[in-house]
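Each chain, written out:
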Amino acid sequence: MFKMMTTLIRARSHDAVDAFTDANALTILRQQLRDAAEALEGAKRAVAVVMAYAAREEKAAARIADQLADLEARALDALAKGREDLATEAAAAIAELEAEADATARAITHYKAEIHRLRDTVSLAEQRLRTLQRGKQIADAAQRTQKLRGTLPDGVMASLREAEATLERLQDRQSHSEEVEIALTELSISSSAESTSARLAAAGCGAPLRSGAADVLARLRAKAV
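Throughout, residues of each chain are indexed from 1 in the direction in which the sequence is written. Local features in a predicted model are, by the rule used here, given only for residues with pLDDT of at least 70; side-chain atom pairs are given and counted only at 80 or more, and totals for whole chains, interfaces and linings are based on all residues. Side-chain calculation: all heavy atoms of the structure are included, whereas hydrogens and water are not.

**Structural notes on the overall build of the protein chain**
Counting from the N terminus, the helices are the DSSP runs of H or I reaching at least four residues and the strands are the DSSP runs of E reaching at least two. Helix and strand counts for the protein chain come out as four helices and zero strands. Across the protein chain, helices and strands are ordered from the amino to the carboxyl terminus as α-α-α-α. Using a 1.4 Å probe on the protein chains alone, a residue whose accessible area is under 20% of its type maximum counts as buried, one over 50% counts as exposed, and one in between counts as partly exposed. Buried positions account for 12% of the 225 residues belonging to the protein chain. Considering only residue pairs separated by 6 or more positions, the protein chain has 78% of its internal contacts joining residues 24 or more positions apart. The Shrake-Rupley method, run with a 1.4 Å probe sphere, supplies the accessible areas, and residue values consider only the shown protein chains as cover. As presented, the protein chain carries roughly 17,700 Å² of accessible surface, and 59% of it is formed by carbon and sulfur atoms. Should any heavy atoms of two residues lie within 4.5 Å, those residues are considered in contact.

In structure tokens form, the structure reads like this:
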């Protein structure tokens, strides 16, 4: 039981870390790329330092070569003049310079190999960094698109639905107002015609609009017969 609880706690902790990392993945990626760019600049400076060391050794090698050439010429001249003592001294100096030249040559070989290795590493790192930066740009664009996809349509559709409902109510009111105006106009026309007919009938023009008492009495007498 205890082992199971421990496993559960570890699992939840791992899930929480994963969830936090996923939620902040793009922010973490940006910082990681900044760290990688800074490290890359440090590597470039390291290459520059090694190149400076190599250049210094190459200058030393050139200086030693000049000294060797000068001493050999002088030693040969001393031998030609029978100055064995000076020739022996020159030979000892030449031996030391040759040992120094050999050490310098080995240092130059080492530096050149290191420079080549570091340059390859920096070049590969630059390519990978550019690839990651392009990937980050795509991720940025995708995140912005997802945010728009997640929020914009709902807001737009809600606004459109509200606008459509408002327009429908407005059109209904306008249609009702038009119907009322038409009805009032018809009533006005009808009322005006009836009034005119009534005045004409009262003046004895045409048949009366309403039956008088005499007419009613005559109709009753007819029915009684």
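**Some details on the confidence of the model for the protein chain**
Mean pLDDT over the protein chain works out to 78, with 64% of the residues at or above the 70 mark. Averaged over each element, pLDDT in the protein chain is lowest for helix H1 (residues 2-23) (59) and highest for helix H2 (residues 25-80) (90). A score between 0 and 100, pLDDT records how confident the predictor is in each residue.

**Focus: the pattern of salt bridges**
A carboxyl oxygen of Asp or Glu within 4 Å of a side-chain nitrogen of Lys or Arg is what we treat as a salt bridge. As enumerated under the stated definition, the model contains 10 salt bridges in all. The shortest N-O distance in the salt bridge between Glu-58 and Lys-112 comes to 3.8 Å. In this pair, Glu-58 is assigned in helix H2 and Lys-112 in helix H3 (residues 84-202), connecting sequence segments 54 residues apart. Here Lys-112 falls in the partly exposed class, since its relative accessible area comes to 49%. We note a salt bridge from Arg-63 to Glu-100, for which the minimum N-O separation is 3.6 Å. Taken together, the residues Arg-63 in helix H2 and Glu-100 in helix H3 connect sequence positions 37 residues apart.

**Thoughts on the nonpolar core**
By size, the foremost hydrophobic cluster in this structure holds 10 residues: Leu-33, Leu-40, Val-47, Val-50, Ala-54, Tyr-111, Ile-115, Leu-118, Val-122 and Leu-129. Residue assignment for this core shows that the elements contributing at least two residues are H2 and H3. Every residue in contact with Tyr-111, bar those within four places of it in the chain, is listed here: Val-50, Tyr-53, Ala-54 and Glu-57. Nonpolar cores are built from buried Ala, Val, Leu, Ile, Met, Phe, Trp, Tyr and Cys residues. Side-chain atoms within 4.5 Å join them into one set.

**Section: H2**
Here H2 is 56 residues long and its end C-alpha atoms lie 81 Å apart, about the 82 Å a rise of 1.5 Å per residue gives. Every buried residue of H2 is accounted for by Leu-26, Leu-33, Leu-40, Val-47, Val-50, Ala-54, Glu-57, Ala-60, Ile-64, Leu-68, Ala-75 and Ala-78. Just downstream of H2 lies Gly-82, where phi reads positive at about 75°. Helices are assigned an expected span. That span is 1.5 Å times one less than the residue count.

**Quick word on the environment of Ala-25**
Mapped onto the elements of the fold, Ala-25 is located in helix H2. Take Ala-25: its relative accessible area is 38%, and that puts it in the partly exposed class. Considering only alpha carbons, one finds Ala-25 and Ala-139, 114 residues apart in sequence, at a separation of 9.9 Å.

**Some details on the environment of Thr-27**
With respect to the secondary-structure elements, Thr-27 resides in helix H2. Judged by relative accessible area, which is 48%, Thr-27 ranks as partly exposed. Note: C-alpha distance between Thr-27 and Lys-136 (109 residues apart in sequence) is 10.0 Å.

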